[in-house]
Amino acid sequence: MGERPGQAVPDAVWARIGPVVMLHHAGDREEARHRLLGLWAEIGEHGDPLHRCTLAHYLADTQDDPEVELAWDLRALTAAEEVAGDRTAGYEGAPAVRALYPSLHLNLAADYARLGRPDAARTHLHRARGAAGTLADDTYGEGVRSAIRRLESRLGEGDEPTGPPRQGP
């Protein structure tokens, strides 16, 4: 069956990421990590930057070692910056990645806080707060903004009670 003009072509990578994320959210962190690593191996370090950003962002959430989690979150941010810097006409990834910046910086802030690096944590927390203006007034946006406020409180910068700071996409 052919595609009609103007019809979006389904993206096989996105179709495979979704069920793995649901697996992770259902509590099977190890299997989700294994499957996401398999996808990462397929697309590689030079694959589509939006795919790499998303995969690395989710892979970070499946890690047990905070240093490894930080490394994946840094990969996600690097890939996001590639998408944001891509001036190719018609590239659809830039708007999508702008909505991820608050969460990307929030996760980096949480990583650095867990690793006892409060200055780096505050730097990324300020970036998350600054980028939060791009978020819609929906469940996702409010979840990220709430996580920013919780981490601000944990780092002594806000007035809300503490709570888990991680917020995935």
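Just above sits the structure.
Position labels on residues start from 1 in each chain and follow its written sequence. Reporting of local features is limited, given that this is a predicted model, to residues whose pLDDT is at least 70; pairs of side-chain atoms are given and counted only at 80 or more, and all residues count toward the totals for whole chains, interfaces and linings. As a rule here, side-chain values cover all heavy atoms of the structure and leave hydrogens and water aside.

Student: Help me get a handle on helix H4 (residues 66-85), residues and values and all.
Tutor: Starting at the N terminus, helices and strands are each numbered in turn, a helix being any DSSP run of H or I of at least four residues and a strand any DSSP run of E of at least two. Multiplying 1.5 Å by the residue count of a helix minus one yields the expected span of that helix. Across its 20 residues, H4 extends 28 Å between first and last C-alpha, which sits within 8% of the 28 Å expected from 1.5 Å per residue. Considered for burial, the residues of H4 that qualify are Glu69, Leu70, Trp72, Asp73, Ala76, Leu77, Ala79, Ala80 and Val83. A 1.4 Å probe rolled over the protein chains alone gives each residue an accessible area, and that area as a share of the maximum for its type sets the label: buried under 20%, exposed over 50%, partly exposed in between.

Student: Mind laying out helix H3 (residues 49-61), listing which residues take part and the relevant values?
Tutor: Here H3 spans 19 Å end to end across 13 residues, near enough to the 18 Å set by a 1.5 Å rise per residue. When you tally the buried positions in H3, you get 13 out of 13 residues, the bulk of the element. Each polar contact in these results corresponds to two N or O atoms within 3.5 Å; when the atoms are within protein, one needs to be able to donate a hydrogen and the other to accept it, and residues that are neighboring in sequence are counted only if both atoms are side-chain atoms. Looking at where H3 begins, the residue whose side-chain oxygen comes 2.8 Å from the main-chain nitrogen of Leu50 is Asp48.

Student: I'd love a proper account of the nonpolar core, names of residues and values included.
Tutor: Among the nonpolar cores identified, the biggest contains 45 residues, and Val97, Leu104, Leu106 and Leu151 are the most heavily contacted of them. When residues of this core are traced back to their parent elements, those giving at least two are helix H1 (12-25), helix H2 (29-43), H3, H4, helix H5 (93-114), helix H6 (118-131) and helix H7 (139-154). The element contributing the most residues to this core is H5, with 10 residues. Residue types Ala, Val, Leu, Ile, Met, Phe, Trp, Tyr and Cys, when buried and joined through side-chain atoms within 4.5 Å, form a set referred to as a nonpolar core.

Student: Pulling in residues and values, what's your account of the pattern of salt bridges?
Tutor: The salt bridge definition used is simple: a Lys or Arg side-chain nitrogen within 4 Å of an Asp or Glu carboxyl oxygen. Tallied over the full model, the rule gives 11 salt bridges. Two residues, Glu82 and Arg52, come together in a salt bridge whose shortest N-O distance is 2.4 Å. With Glu82 in helix H4 and Arg52 in helix H3, the pair connects residues that are 30 residues apart, well separated along the chain. The class of Glu82 is partly exposed, set by a relative accessible area of 38%. Among the salt bridges present, the one from Arg149 reaches Glu142, with a minimum N-O distance of 2.6 Å. Judged by relative accessible area, Arg149 falls into the partly exposed class, the value being 26%. Each of Asp137, Glu142, Arg145 and Arg149 takes part in one network of salt bridges that share partners.

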